[in-house]
Amino acid sequence: MSYLELLHKIIENKFTLGVIGIGRVGLPLSVTFAQKGINVIGFDINDELIKKVNSLTAPFFEPNLDIYLKETMKSNKFSATNDYSLLKNVDVIIITVGTPLNEHFVPDYSQLFSALDKIVQYPIKNKLIILRSTSSPGTLENIVKPYLEKKTNLKAGEDFYLAVCPERIVEGKAIEELQILPEIIGGVTETCSKLASEIFRKLNSNKKIFVTTPKAAELGKLFTNVYRYVNFALANEFGLIAEEHGEDAHEIIRIVNEDYNRCRIPTPGLTGGPCLSKDGYFLTQHMPFPEFIQMASKLNENIPNHIIKKLKKELEREGKILTLCKVAVLGLAYKSGIDDTRLSPAVKIADLLKDEGCEVKTYDPYVYPDSSNSLSDVVRDADAIIIAVNHPEFKDLPSILNVLNKEPIVIDCWKMFDEKEIKGRYIAFGKGK
Ligand SMILES: NC(=O)c1ccc[n+]([C@@H]2O[C@H](COP(=O)([O-])OP(=O)(O)OC[C@H]3O[C@@H](n4cnc5c(N)ncnc54)[C@H](O)[C@@H]3O)[C@@H](O)[C@H]2O)c1
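Residues numbered from 1 in each chain as written. Predicted model: local features only at pLDDT ≥ 70, side-chain atom pairs only at ≥ 80, totals over all residues. Heavy atoms only, no water.

When helices and strands are tallied, the protein shows 16 helices and 13 strands. Over its C-alpha trace the protein gives a radius of gyration of 24 Å, about what one expects of a compact globule, namely 22 Å for 433 residues. In terms of overall dimensions, the protein has a C-alpha envelope of 75 × 50 × 40 Å along the principal axes. Put simply, the protein has 433 residues, and 53% of those count as buried. Sequence separation of 24 or more characterises 73% of the internal contacts of the protein that already satisfy a separation of 6 or more. (Helix = DSSP H or I, 4+ residues; strand = E, 2+ residues; numbered from the N terminus. Rg over C-alpha atoms; globule rule 2.2 N^0.38 Å. Buried < 20%, exposed > 50% of the residue type's maximum accessible area, 1.4 Å probe, protein only. Contact = heavy atoms within 4.5 Å.)

Structural data, given as structure tokens:
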């Protein structure tokens, strides 16, 4: 099969796609392709995850994932397996395994290498392989390409096709964004880029596709996340500054952003999660001034400590000691509307409180959807409440406190409320007194 044969197979939807790693990125990607009529096989090493997926249950919360999963499995467009021999049947492979940081704050590619080792056990001649996982600049060309070439004695761009197309969706909007976000594609040759572009056009024929070099594509993904992370850090710095001055950063930021396109300052809040927290470190090895990213990380990572300090200060004003208090932490996910707790600052807050020796109750309707606890159960006897995630479900807090006739200290990391709405002492991160 030549390049043209593979191209026609792709254009005519007569190909099978293998997705390696059906986690938070790989599973939504798989079922979205399958929903577009592509035959997709999802591969994973996590047997429990595969069992769950094959029982038509979404293993994590993502809007519409359960519907897409059921529909595509019932129509036999999607299946999940740990049987890598099925790689023989696929024409195109997308790699979506995890690329976390190791203890030295450099990328841990063990999942990537294990995926590559599985791939080379089966013929890859004339197949297209796309790296979707986040990678540091040069990974496709200096690691993936030589690795595959050495293990198979084949040449990328001639005997098989290779490209990088990093994922840029956010959790909670994965399926929606897969169909609308532009793609940045870097193939090792023009033909590789062309094939990869045709693949992603399957998600939406009008999708914007930018073809560039593999390194630029990898950098583009990292620039995207570092930009957001550094901006959140700056917003948090503004929050700290406003607190010092007894002012409200949320209000100042609202005013300065209004009708002034040059300012799009985000509001202060807890910043973390498995992508934003780590992606900057994929660049720091290659930067003349890594301090910029390291400083943003230091700032964002320190906000949970700052929140605990604020709480201690407020309790002291009431003559209370944190260790002897009951604290309710609302939210455990790393951001609103999702159930992912990886590198979550909300979890860090709960852990820091436990380290202080106080009694901590946590509540997150996304992370524990089957819990019998309700919001009012968790706040009922709390001396203090920390709103760690701005889940929309927490909007009921003021009315619950009214009904309970309770006046705990409320520390809101997101300023979800106006001071007047809350019965008791209300303190928002970013707002001074
Ligand atoms: N989660 C996000 O919002 C997001 C967004 C954009 C990019 N990314 C990037 O996408 C990649 C995947 O992230 P994720 O959040 O989906 O991670 P994840 O941990 O949810 O999923 C990775 C999956 O790969 C599987 N896996 C590991 N080794 C394997 C192997 N050899 N063969 C088959 N499966 C294997 C794991 O069991 C897991 O299910 C990372 O590089 C991440 O940085 C993530």
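Taken together, 26 residues are adjacent to the ligand, and D44, Y84, T99, S114 and K278 come closest. At a separation of 2.8 Å, an oxygen atom of the ligand approaches a polar backbone atom of V25. Within the contact set of the ligand, a nitrogen atom lies 3.3 Å away from a backbone nitrogen or oxygen of A115. Here the ligand loses 91% of its free accessible area of 830 Å² to cover by the protein chains. Residues of the shell around the ligand, tallied by class, amount to nine nonpolar, 10 polar and seven charged. Taken domain by domain, the shell around the ligand gets at least three of its residues from each of domain 1 (3–212) and domain 2 (218–433). (Near = heavy atom within 4 Å. Polar contact = N/O pair within 3.5 Å; in protein donor to acceptor, adjacent residues only side chain to side chain. Areas by Shrake-Rupley, 256 points an atom, 1.4 Å probe, with all protein chains shown as cover. Nonpolar A, V, L, I, M, F, W, Y, C, P; charged D, E, K, R; others polar. Domains from an automatic or database assignment.)

Another point: the pairing of strand β1 (residues 16–20). Taken residue by residue, a regular strand's side chains alternate between the two faces of the sheet. Within β1, five of the five residues are buried, leaving the element largely enclosed by the surrounding structure. Strand direction decides the pairing type here: β1 and strand β2 (residues 39–43), joined by five bridges, are parallel. Looking across to β2, one finds that G18 is bridged to I41. The β-α-β motif built from β1, the intervening helix α2 (residues 26–35) and the parallel element β2 has right-handed crossover chirality. Sheet topology places β1 next to strand β4 (residues 92–95); four bridges connect them, and they run parallel. Considered in β4, the bridge of I20 is made with I95. (Pairing = 2+ DSSP bridges. Right-handed = clockwise from strand over helix to strand, strands pointing away.)

Once that is clear, we can look at helix α9 (residues 214–244). With 31 residues, α9 extends 45 Å between its outermost C-alpha atoms, agreeing within 8% with the 45 Å of an ideal straight helix rising 1.5 Å per residue. The positive-phi residue at the C-terminal boundary of α9 is G246, with phi of around 70°. (Expected span 1.5 Å × (residues − 1).)

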